[in-house]
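# Per-entry structural report
Letter by letter, the chains look like this.
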Amino acid sequence: MIRVKNLRKTFLTKQGSQAAVHGAEFDVAEGEIFMLLGPSGCGKTTTLRCIAGLETPDEGEIWIGEQLVFGDRGGTLLPVYKRGVGMVFQSYAIWPHLTVFDNVAYPLVHGIYKAPKREVKGRVQKALSLVGLERFEDRPAPLLSGGQQQRVALARALVYEPKVLLLDEPLSNLDAKLRAEMRIELRALMKRLNITAIYVTHDQEEALVLSDRIAVMHAGEIKQIGTPRDIYVKPQNDVVAGFIGTANLFSASITAVPRNGEEGSVSTPIGALACPLPPSVAVGQPVTIMFRPEDVVVRASQAGPSQNSLCGVVEQAVFVGSRLQCVLSVQGHKVHCEVPKSQLVETGQSVVVEIPRHAIHLLP
């Protein structure tokens with residue numbers, strides 16, 4: 001449905017040229033929710049604006065369906081209003097002097113998507129019904145809550161039935177509880193309508209909850225594309241591992257390679273660890289290992305011989321409701337972990353730390 005090839009965009013500033021996007025490539029299938037995730041300044045919004053036609057790339061190709069909307073070789077540059085995309089902005093961009101109905105009807109009354117007058121009311125009511133605002137059509141826009149204004153912006157983007165929906169951090173202005181609720185509702189709505197969507201966010205949890213696939217961006221480049229589970233469990237590099245969730249990352253070297261069905265082992269600053277290794281590795285090879293806090297097992301004492309058990313001391317234990325987030329000192333190095341709220345863990349306590357073999361992931 002959407003294809004981006006070798007997309008490049010550079011901005012000229014007082015400090016010189018600044019490469020915002022260089023070499024971005026991805027495909028988005030029909031009905032897929034595709035997430036562009038990364039920190040501020042990584043190029044995700046520039047990529048989205050290039051697809052929308054709000055920015056002109058320096059190089060590359062952008063296809064929407066079977067139509068080439070930008071191509072540097074043939075000089076193709078389709079204007080915004082001909083691309084058939086709906087866009088929802090971070091700022092909502094609601095007209096304050098209009099009612100909810102008039103805000104949503106705006107694309108059908110003005111511009112290229114102008115509809116016959118007899119159809120406008122029905123289409124607006126249908127769009128408002130989709131976002132749960134059917135009883136608010138006569139309300140002035142400024143009298144809506146933040147969540148309701150966001151729904152109006154979404155209804156306005158859906159009312160002319162765009163081929164593609166582009167969303168630029170649409171939930172970032174909402175409070176935490178409402179943002180969590182809107183994630184679920186928004187995904188359910190887009191799936192029900194089979195909308196092809198590209199969604200920009202810096203919020204890792206939002207990306208994991210909403211998306212079918214995620215492209216993690218850093219310094220203008222896409223570092224990895226995959227499902228939420230693959231991105232979280234099997235990051236391909238330390239940039240992705242460090243950005244998605246909390247990760248324990250340690251430099252290591254291979255001390256034993258897998259043989260006869262046995263797992264290999266690595267030497268790390270916190271101790272020797274057994275873990276799955278690919279057959280291509282060699283003894284002495286430097287690698288980086290990663291494991292997630294929720295996979296670390298913490299016990300008050302050693303229950304018996306156990307592989308990958310290390311001694312540690314609790315440096316910090318913070319109660320966050322459903323669990324305790326802890327920082328342990330193991331051989332003088334910090335290890336992040338999570339323990340159930342029912343487990344009593346105190347600062348200064350000596351503990352046994354077990355890192356399950358299956359939880360250790362090898363990075364190049």
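Read on for an overview of the structure.

Each value, and the rule that gives it
Residues numbered from 1 in each chain as written. Predicted model: local features only at pLDDT ≥ 70, side-chain atom pairs only at ≥ 80, totals over all residues. Heavy atoms only, no water. Pairing = 2+ DSSP bridges. Helix = DSSP H or I, 4+ residues; strand = E, 2+ residues; numbered from the N terminus. Axes fitted to C-alpha atoms, helices over the stretch in contact; angles between N-to-C directions. Contact = heavy atoms within 4.5 Å. Expected span 1.5 Å × (residues − 1). Buried < 20%, exposed > 50% of the residue type's maximum accessible area, 1.4 Å probe, protein only. Arc of directions from axis to C-beta. Disulfide = S-S within 2.5 Å.

### Examining the sheet that holds strand 8 (residues 164–168)
- Spatially, the 6 strands line up as an open sheet ordered 7-8-9-3-10-11, and their pairing is mixed. With one partner strand each, in any of the chains shown, strand 7 (85–88) and strand 11 (221–226) form the two edges of the open sheet. Strand-to-strand twist in this sheet, taken as the mean axis angle between neighbours without regard to direction, amounts to 15°.
- Sheet topology note: the strand 8/strand 9 (residues 196–201) ladder contains 5 bridges and is parallel. Following the sheet pairing, Val-164 is matched in strand 9 by Thr-196.
- Packing against the sheet, helix 4 (residues 146–158) makes contact with strand 7 and strand 8, and its axis sits at approximately 170° to strand 7.

### Things to note about helix 3 (residues 117–130)
- Taking 1.5 Å per residue, 14 residues should reach 20 Å; helix 3 reaches 21 Å between its end C-alpha atoms and fits that length.
- Listed in full, the buried residues belonging to helix 3 are Val-120, Val-124, Ala-127 and Leu-128. The buried side chains of helix 3 occupy one side of the element, clustering within an arc of 95° when seen end-on. Exposed side of helix 3, more than 90 degrees from the buried face: Arg-118 and Lys-126 are the residues found there.

### Some details on the state of the cysteines
- Applying the stated criterion to the full structure yields 0 disulfides.
- Counting only cysteine sulfurs, Cys-337 is the nearest neighbor of Cys-311, a cysteine outside any disulfide, at a range of 14 Å.
- The exposure class of Cys-311 is exposed, given its relative accessible area of 62%.
- Looking at the unpaired Cys-326, the closest cysteine sulfur is the one in Cys-337, lying at 4.6 Å.
- For Cys-326, a relative accessible area of 3% puts it in the buried group.

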